[in-house]
Amino acid sequence: EKILKELSFLISNRNFEILNTFYALGAIDFALAKGILSIQMKAIEPEINEKGYLKICQGRHPLIPGTVVPIDIEIGKDFKTLVVTGPNTGGKTVTLKTVGLFTLMTLSGLHLPASSGTNMPVFSQVFADIGDEQSIEQSLSTFSSHMSHIVEILKHANTESLVLLDELGAGTDPREGASLGVA
């Protein structure tokens, strides 16, 4: 107890320096971890723009192990809405998740597993309704669950937001889903 008391007294006068050192070590560790992750993903530093222009060149979803089929996607220059369509297991959801994840990685200062020429905007907000979010507690069907999320997104989204919607008409009549998509 006497030794602990003496040591505590000696460092109590240095709490400011100790706290600053702790924060500095955290920042250094974070920068090193970002660098190691960038090397492991064979990532690049994307170009950044404030015009809402997104261009991903040979982007690879960083959480999919093994060989990943890269994607090229561009939006925000000539058009602001993109509909991704194709057969089941065609990669539509992976593409949407890659765009969302790349956006959040960019906002976090991380490099992206993509090729040079990748250009990312700075969105003020990111919204996503991806996957089956049926809620048993709220007795919502798949369709109703999607609608609840979309209503919330519409309340908060603005022209500087990224909105990702997957399987917009899922859980309803195909004609109703198509009408909803057009709307």
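Residues numbered from 1 in each chain as written. Predicted model: local features only at pLDDT ≥ 70, side-chain atom pairs only at ≥ 80, totals over all residues. Heavy atoms only, no water.

1. Some thoughts on the overall build of the protein
Then, number 1: What the protein contains, in helices and strands, is five helices and six strands.
Then, number 2: Starting at the N terminus and walking to the C terminus, you meet the elements of the protein as α-α-β-β-β-α-β-β-α-β-α.
Then, number 3: Whereas a compact globule of 183 residues would reach a radius of gyration of roughly 16 Å, the protein reaches 23 Å, over 25% beyond that.
Then, number 4: Across its three principal axes, the protein shows a C-alpha extent of roughly 80 × 45 × 35 Å.
Then, number 5: Here the protein, with 183 residues, has 27% of them falling under the buried criterion.
Then, number 6: Of all intrachain contacts in the protein linking residues separated by at least 6 positions in sequence, the fraction that spans at least 24 positions is 64%.
Then, number 7: When the 14 positive and 20 negative side-chain charges of the protein are each reduced to one mean point, those points stand 7 Å apart. (Helix = DSSP H or I, 4+ residues; strand = E, 2+ residues; numbered from the N terminus. Rg over C-alpha atoms; globule rule 2.2 N^0.38 Å. Buried < 20%, exposed > 50% of the residue type's maximum accessible area, 1.4 Å probe, protein only. Contact = heavy atoms within 4.5 Å. Lys, Arg positive; Asp, Glu negative; His and termini not counted. Charge placed at Lys NZ, Arg CZ, Asp CG, Glu CD.)

2. Re the nonpolar core
Then, number 1: Leu54, Ile56, Val99 and Phe102 are the most contacted members of the largest nonpolar core, which has 19 residues in total.
Then, number 2: Elements that contribute at least two residues to this core include exactly β2 (54-59), β3 (71-75), α3 (92-107) and β6 (161-165).
Then, number 3: For this core, the element with the highest residue contribution is α3, accounting for four residues.
Then, number 4: Not counting residues within four places of it along the chain, the set of residues in contact with Val99 comprises Leu54, Ile56, Ile73, Leu162 and Leu164. (Core = buried A, V, L, I, M, F, W, Y, C linked by side-chain atoms within 4.5 Å.)

3. Points about the side chain of Asn49
Then, number 1: Its location among the elements puts Asn49 in strand β1 (residues 47-49).
Then, number 2: A polar side-chain atom of Asn49 sits 2.9 Å from the main-chain amide nitrogen of Lys51.
Then, number 3: A polar contact is formed between the side chain of Asn49 and the backbone oxygen of Tyr53, at a distance of 2.7 Å.
Then, number 4: Once you skip the residues sitting within four places of it in the chain, Asn49 turns out to touch Asn119, Met120, Pro121 and Val122. (Polar contact = N/O pair within 3.5 Å; in protein donor to acceptor, adjacent residues only side chain to side chain.)

4. Here we look at the pattern of salt bridges
Then, number 1: In the structure shown here, the tally under the stated rule is two salt bridges.
Then, number 2: For the salt bridge of Glu17 with Arg14, the shortest nitrogen-to-oxygen distance reads 4.0 Å. (Salt bridge = Lys/Arg side-chain N within 4 Å of Asp/Glu carboxyl O.)

5. Notes on the packing of aromatic side chains
Then, number 1: The final tally for this structure, using the stated rule, is one aromatic pair.
Then, number 2: Across from the ring centre of Tyr53, 4.9 Å away, lies the NZ or CZ of Lys77, which sits over that ring. (Phe/Tyr/Trp six-rings, centres within 6.5 Å; stacked < 30°, edge-to-face > 60°. Lys NZ or Arg CZ within 6 Å of the ring centre and 35° of its normal.)

6. Structural notes on unusual backbone geometry
Then, number 1: Even without glycine at this site, Lys42 takes up a positive phi of about 55 degrees.
Then, number 2: Positionally, Lys42 belongs in the loop between α2 (15-41) and β1.
Then, number 3: Residue Gln58 is not a glycine yet carries a positive backbone phi of 50 degrees.
Then, number 4: Position of Gln58 among the secondary structure elements: in strand β2.
Then, number 5: Gln58 gets classed as partly exposed once you look at its relative accessible area, which sits at 33%.

7. Considering α2
Then, number 1: Between its first and last C-alpha, α2 extends 39 Å over 27 residues, near the 39 Å set by a 1.5 Å rise per residue.
Then, number 2: One or two steps after α2, the chain reaches Lys42, where phi turns positive at roughly 55 degrees. (Expected span 1.5 Å × (residues − 1).)

8. Quick word on the confidence of the model for the protein
Then, number 1: Of the residues in the protein, 91% reach a pLDDT of 70 or more, and the chain-wide mean stands at 87.
Then, number 2: Overall, residues 133-139 carries pLDDT values under 50, and its contacts beyond four positions in sequence, including any with other chains, amount to seven contacts. (pLDDT = per-residue confidence, 0-100.)

9. Overview of the environment of Lys97
Then, number 1: With respect to the helices, strands and loops of the structure, Lys97 is situated in helix α3.
Then, number 2: Owing to a relative accessible area of 43%, Lys97 belongs among the partly exposed residues under this scheme.
Then, number 3: Each C-alpha atom, one on Lys97 and one on Ile44, is 19 Å from the other, the two residues being 53 residues apart in sequence.
Then, number 4: Setting aside anything within four residues of it in sequence, one finds Lys97 in contact with His61 and Ile130.

10. Comments concerning a nonpolar patch on the surface
Then, number 1: Residues Ile3, Leu7, Phe9, Leu10, Ile11 and Ile18 make up a contiguous nonpolar surface patch of about 640 Å² in total accessible area.
Then, number 2: With respect to the helices and strands, Ile11 occurs in helix α1 (residues 2-12).
Then, number 3: Look at Ile11 and you get partly exposed, because its relative accessible area is 48%. (Patch = residues over 30% accessible without salt bridge, like charges linked within 9 Å, V, L, I, M, F, W, Y side chains within 5 Å. Areas by Shrake-Rupley, 256 points an atom, 1.4 Å probe, with all protein chains shown as cover.)

11. With respect to the environment of Val68
Then, number 1: Secondary-structure assignment places Val68 in the loop between β2 and β3.
Then, number 2: A sequence separation of 46 residues divides Val68 from Phe22, and the C-alpha atoms of the two residues are 39 Å apart.
Then, number 3: Those residues in contact with Val68 that lie beyond four places of it in its chain are Arg60 and His61.

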